[in-house]
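Residue-level listing of the chains:
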Amino acid sequence: HGHRSGGIIQCIKRGDTASVQIHLQELNVNCLCFSFKNLALVLVGFIRTETQCNLLKVSLRSLRILSRDKRVLAPLVTDSALLTLAKLAGLTSGETKEELSDPDLNFYDNIIVSLAEAKLVSVSASASPPSSVQFYELRLMFLMTALRRELRGVSILTAALERCLEVQWKDQYECVLDPAAPLISLDASQRAVEILKILFNITYRTHRQEPKEEDAAQYRHLVAILRLCLMRKCVLTEDTDELQGHTINLLSALPLLCLDVLLQAPLAPGSEQLNGVNMDCVHNLLLFMERRLEQGEKVKEKLTPIINLLTESCRAHRETRKYLRNQILPPLRDVSQRPEDGSTVKSRLVRLMTHLDTDVKHCAADLIFVLCKENVRRFVKYTGYGNAAGLLATRGLLGGQCTPSSSITAHFSSDSDSDTEEYRQVKDRINPVTGRVEAQQPDPMEGMTEEEKEEEAKRLIMLFSKLSREDIIQPMGVNSEGRLVPMAGLKGNSITEEGHSDSENECEEEK
């Protein structure tokens, strides 16, 4: 401050009024910040002592206002200050000390455990704090868990979710699903959604990882509870949709190997099944995707998580792929309309394959491609070459290669793709670009001799060559790697060579 004051005096001597004004403003700001930091420090020390209720309220309100300025946060984010505030909020108990900077004191663990065991998971209606208070507790828990970044946070949050939904266990990774159980209440569904959000934020990096045995057991325990979230209903339909949406987001963030728990439930009367495997959970995921496809709102935000989850599940579990293929891509019978026309799940997904958003069209195409076992011929058969070209070009499969270029190992079975009798009858009349039977068009070369047809073909070649040389069009072709490249870059380009050799004849004909 003394240095700043000296600078102001020098500016006054030079008559530099603009610099004087800038210096004064900076000095005022620095003085205010310095004063506010001191005020915050004094208030934290004041609330640590036993004070009257009205004075405590005023002090906490003042600290709340001060905390809005990032420049004065330093006194409020110390371990001692946080523990003091947590104690006043009833989130933890114990003595608070003036200095609490030892990282080995498990400071954050104490708060997290007290949140999970004391406040958050209280199932007694009379003992439960208001919903708004519980949401603040959950967000504080997220802060503490994020600071620790350990699996312990996942374990505590899983326990919180388990108590929130009053989960009962039938086996190690199987929850009791009672059809007569009451619907999930509004407060319980809101708390569960908050927990799912926090779990997603601390686990989203684990999707591609292969967890250790102990970690995998913890994640499978969580997936078993998430299966229950997908199978149960809330009081309000909107709450059910929201709960399932956040459950799907979390499932897409967990290690893929741990999602096998979704298929391990024993069969029950009326269960969806395939080869003795319970498909109830997969069926609910499919119904959820159908609802989102019908809504058509916020496509990228609401659809890509469920589509990506089903795609990855199909790659990892062949039973899931077979079941979804039977539901989404049944054997072709009626090919009188384009694949994208209609209101079926397949039609809606094919329409998304030409969506303006690249992420949306790629994830929709990827799901159908995986359902076709990444077989190019089968993929084109169900979608039409025009709709399939985007994904095939991206993966270098325009040449029709059947070997998938995906780096992800897929477990595909050897089930056949037999054509129906209706499809075989019209197979030769199907337009591969549109994927449907087109109305018969008159033959433009009808009545022409073979020599006339050959001359017409040469004339068309020369016209294309001329348009290409004048950069009006750029003929494209597929190279040996299945990539779309300019024809000029391909070896053995007969069109270009023949066009150059006949250039003199072309000029004579033009004259």
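Residues numbered from 1 in each chain as written. Predicted model: local features only at pLDDT ≥ 70, side-chain atom pairs only at ≥ 80, totals over all residues. Heavy atoms only, no water.

Caption draft 1: Structural view of the pattern of salt bridges. Applying the stated criterion across every chain, the model contains 18 salt bridges. In this structure, D260 engages R220 in a salt bridge whose closest nitrogen and oxygen atoms are separated by 3.2 Å. Remark: R220 occurs in helix α9 (residues 213-231) and D260 occurs in the loop between α10 (237-251) and β3 (273-274); sequence separation between them is 40 residues. Across the pair E450 and K453 runs a salt bridge whose closest N-O atoms are separated by 3.9 Å. With E450 and K453 both in helix α19 (residues 450-469), this residue pair falls three residues apart, about one helical turn. By relative accessible area, E450 is classed as exposed at 57%. Three or more residues joined by partner-sharing salt bridges are found here, namely E312, R315, D366, E374 and R395. (Salt bridge = Lys/Arg side-chain N within 4 Å of Asp/Glu carboxyl O. Helix = DSSP H or I, 4+ residues; strand = E, 2+ residues; numbered from the N terminus. Buried < 20%, exposed > 50% of the residue type's maximum accessible area, 1.4 Å probe, protein only.)

Caption draft 2: Highlighting α19. The end-to-end C-alpha distance of α19, which contains 20 residues, comes to 29 Å, matching closely the 28 Å that a straight helix rising 1.5 Å per residue would cover. Downstream of α19 by a residue or two, D471 has a phi angle that is positive, lying close to 60°. (Expected span 1.5 Å × (residues − 1).)

Caption draft 3: Structural view of unusual backbone geometry. At N275, a position not held by glycine, the phi torsion is positive, near 55°. Following the sequence through the fold, N275 ends up in the loop between β3 and β4 (277-278). A positive phi angle, close to 60°, is found at D471, a residue other than glycine.

Caption draft 4: Examining helix α16 (residues 376-383) more closely. Among the eight residues that make up α16, seven are buried, leaving the element largely enclosed by the rest of the structure. Contact partners of the buried residues in α16: α13 (318-328), α14 (345-352), α15 (358-371), α17 (385-395) and α18 (421-426). The N-terminus of α16 is capped by N375, whose side-chain oxygen sits 3.1 Å from the backbone nitrogen of R377. Positive backbone phi, approximately 85°, marks G384, located one or two places after α16. (Contact = heavy atoms within 4.5 Å. Polar contact = N/O pair within 3.5 Å; in protein donor to acceptor, adjacent residues only side chain to side chain.)

Caption draft 5: Inspection of the confidence of the model for the protein chain at higher detail. Summing up the model confidence of the protein chain, the mean pLDDT is 77 and the portion of residues at 70 or higher is 71%. In the predicted structure, residues 113-130 sits below a pLDDT of 50 and forms 36 contacts with residues beyond four places in sequence or in another chain. Overall, residues 506-511 carries pLDDT values under 50, and its contacts beyond four positions in sequence, including any with other chains, amount to five contacts. (pLDDT = per-residue confidence, 0-100.)

Caption draft 6: The state of the cysteines, seen in detail. Inspection of the entire model under this criterion finds zero disulfides. Left unpaired, C164 is separated from the closest cysteine sulfur, that of C229, by 8.7 Å. For C164, a relative accessible area of 9% corresponds to the buried category. Of the cysteine sulfurs around C234, a residue in no disulfide, the closest is that of C229, at 8.6 Å. Classification of C234 as buried rests on a relative accessible area of 5%. (Disulfide = S-S within 2.5 Å.)

Caption draft 7: Highlighting the nonpolar core. In this structure, M289, L349 and F379 are the most contacted members of the largest nonpolar core, which totals 89 residues. With ten residues, α9 is the single largest residue contributor to this core. Not counting residues up to four positions away in its chain, the partners in contact with F379 are M353, A365, I368, F369, C372, G384, A388, L391 and L392. If you look at the next biggest cluster of nonpolar residues, it comprises nine residues, including L43, L56, L76 and A81. (Core = buried A, V, L, I, M, F, W, Y, C linked by side-chain atoms within 4.5 Å.)

Caption draft 8: Spatial organisation of the packing of aromatic side chains. This model, assessed by the stated rule, comprises one aromatic pair. Their ring planes at 65° and their centres at 5.0 Å tell us that F369 and F379 sit as a pair that is edge-to-face. In this pair, F369 is assigned in helix α15 and F379 in helix α16, connecting sequence segments ten residues apart. In this pair, the class of F369 matches that of F379, namely buried. Here K381 stacks its cationic end above the ring of Y423, 4.8 Å away from the centre of that ring. (Phe/Tyr/Trp six-rings, centres within 6.5 Å; stacked < 30°, edge-to-face > 60°. Lys NZ or Arg CZ within 6 Å of the ring centre and 35° of its normal.)

Caption draft 9: Examining the side chain of S347 more closely. As for its position among the elements, S347 is in helix α14. From its side chain, S347 meets the backbone oxygen of P339 in a polar contact 3.4 Å long. Engagement of the side chain of S347 in a polar contact is seen with the side chain of T344, the distance being 2.8 Å. Ignoring any residue separated from it by four or fewer positions in sequence, one finds S347 in contact with P339, E340, D341 and G342.

Caption draft 10: Layout of the packing of α10 against helix α11 (residues 280-295). Remark: α10 packs on α11, axes separated minimally by 11 Å, with the N-to-C direction vectors making an angle of 110°. Taken together, α10 and α11 sit at an angle that is classed as roughly perpendicular. Viewed along their axes, α10 and α11 form a crossing whose handedness is left-handed. Residues D241, Q244, G245 and I248 of α10 touch α11, and the partners they reach there are L285, F288, R291 and R292. Grouping the amino acids of the contact of α10 with α11 by side-chain chemistry returns three nonpolar, two polar and three charged. (Axes fitted to C-alpha atoms, helices over the stretch in contact; angles between N-to-C directions. Parallel < 35°, antiparallel > 145°, perpendicular 65-115°, else oblique. Left-handed = near helix turned anticlockwise from the far one by under 90°. Nonpolar A, V, L, I, M, F, W, Y, C, P; charged D, E, K, R; others polar.)

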